[in-house]
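Here is what each chain is made of, one letter per residue.
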Amino acid sequence: MGFAEQRFNVNLSILFTELPLLERPAAAAAAGFTAVELWWPWPDSPTPRQRELDALSTAIEDAGVRLTGLNLYAGQLPGPDRGALSVPGEESRRFGANIDVAAGFAHSLGCTALNALYGNRVDGVDPADQDALALENLALAARAADRIGAILLIEALNQPESPRYPLVSAPAAVGVVDKVNAATGLKNARFLMDLYHLSMNGEDLPAVIDRYASRTGHVQIADNPGRGAPGTGSLPLEDLLDRLGKAGYEGWVGLEYKPGDRPSAAAFDWLPR
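The structure displayed is predicted, hence computed values, not measured ones. (Residues numbered from 1 in each chain as written. Predicted model: local features only at pLDDT ≥ 70, side-chain atom pairs only at ≥ 80, totals over all residues. Heavy atoms only, no water.)

Colleague: What is the right way to look at the overall build of the protein chain in this model?
Modeller: Summing up its helical and strand segments, the protein chain has eight helices and eight strands in all. Computed over the C-alpha atoms, the radius of gyration of the protein chain is 17 Å, within 12% of the 19 Å expected from 2.2 N^0.38 for a compact globule of 273 residues. With respect to the three principal axes, the spread of C-alpha positions in the protein chain is 50 × 45 × 35 Å. When each of the 273 residues of the protein chain is scored for burial, the buried share is 55%. Of the contacts formed within the protein chain by residues at least 6 apart in sequence, a portion of 75% connects residues at least 24 apart. When the accessible area of the protein chain is evaluated, it comes to approximately 11,100 Å², of which 51% is carbon and sulfur surface. One finds the centroid of the 23 positive side-chain charges in the protein chain at a distance of 3 Å from the centroid of its 34 negative side-chain charges. (Helix = DSSP H or I, 4+ residues; strand = E, 2+ residues; numbered from the N terminus. Rg over C-alpha atoms; globule rule 2.2 N^0.38 Å. Buried < 20%, exposed > 50% of the residue type's maximum accessible area, 1.4 Å probe, protein only. Contact = heavy atoms within 4.5 Å. Areas by Shrake-Rupley, 256 points an atom, 1.4 Å probe, with all protein chains shown as cover. Lys, Arg positive; Asp, Glu negative; His and termini not counted. Charge placed at Lys NZ, Arg CZ, Asp CG, Glu CD.)

Below is the structure:
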């Protein structure tokens, strides 16, 4: 399969960011994409005004693209935060307030995957207490996802760039997936396999694919080093995607890479046409 047979979507929170948010869906469509994904677009507000939600929804619909993935509120991303759901106090409350807003927005656009970033460890807080809070909030999010016919994604990040994030391996993230599914009985929590993050952690990517492809709800890619487009680093991404396909993965592959010192529209020359 490799690149030729994959269904790629483009992450509008890392690509086309040289454009205002509402212009990005049309830019993705002009570049040939039929689907997009997003980090939570309002990092300062888990509950934006309805007119802001409506404006983005209209931009996506008018562009003729489908929203296939949406992050729940994760704090300042990009920035110092790596999620809010395990952070006691205000951030956890903001995550809770966001769940139904994000699920409603996703449902209005037919989006069936919500990504919940776990959150950093906090000085002075027992990690066990953070993990208990995380499970409580993830169970709420999984139930909200189930109400709209969606899956809940749990993602491993990489330790060098996210040293306070506790889920920095595929087994760690899948372990949380199992806990959420056990807590809710819904079985709609799934692993988000980001090959860039896993490679930064030094994981054996073929082994991860063979072990966890059946547990994977979404895949994201960027090359390593540099987090650029395929071909700018040394990851054998075509071979890895081929292996994923042979292992049974049929979902979307999110392009979550930096365009470099060129416009985003010029950063897709590696794609088969």
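Colleague: Got a minute to help me understand empty space enclosed by the protein in this structure?
Modeller: One way to see where empty space is left: roll a probe the size of a water molecule over the atoms. Evaluation of the coordinates by the stated rule reveals two cavities of 30 Å³ or more. Of the pockets and cavities examined, the largest cavity occupies roughly 70 Å³. Lining the largest cavity are 15 residues, with E37, G69, L70, N71 and Q220 positioned closest to its centre. Where the lining of the largest cavity is concerned, the elements lending two or more residues are β2 (35-38), β3 (66-71), β4 (113-115) and β7 (216-221). For the lining of the largest cavity, the per-class residue count stands at seven nonpolar, six polar and two charged. Lining the second largest cavity are W39, W40, P43, L72, Y73, A74, G75 and L77. Residue composition of the lining of the second largest cavity, by class: seven nonpolar, one polar and no charged. (1 Å grid on protein atoms, 1.4 Å probe; cavity = no way out; pocket = protein on both sides within 12 Å on 5 of 7 lines; lining within 4 Å. Points joined across faces, edges and corners; volume = space filled by probe spheres on them. Nonpolar A, V, L, I, M, F, W, Y, C, P; charged D, E, K, R; others polar.)

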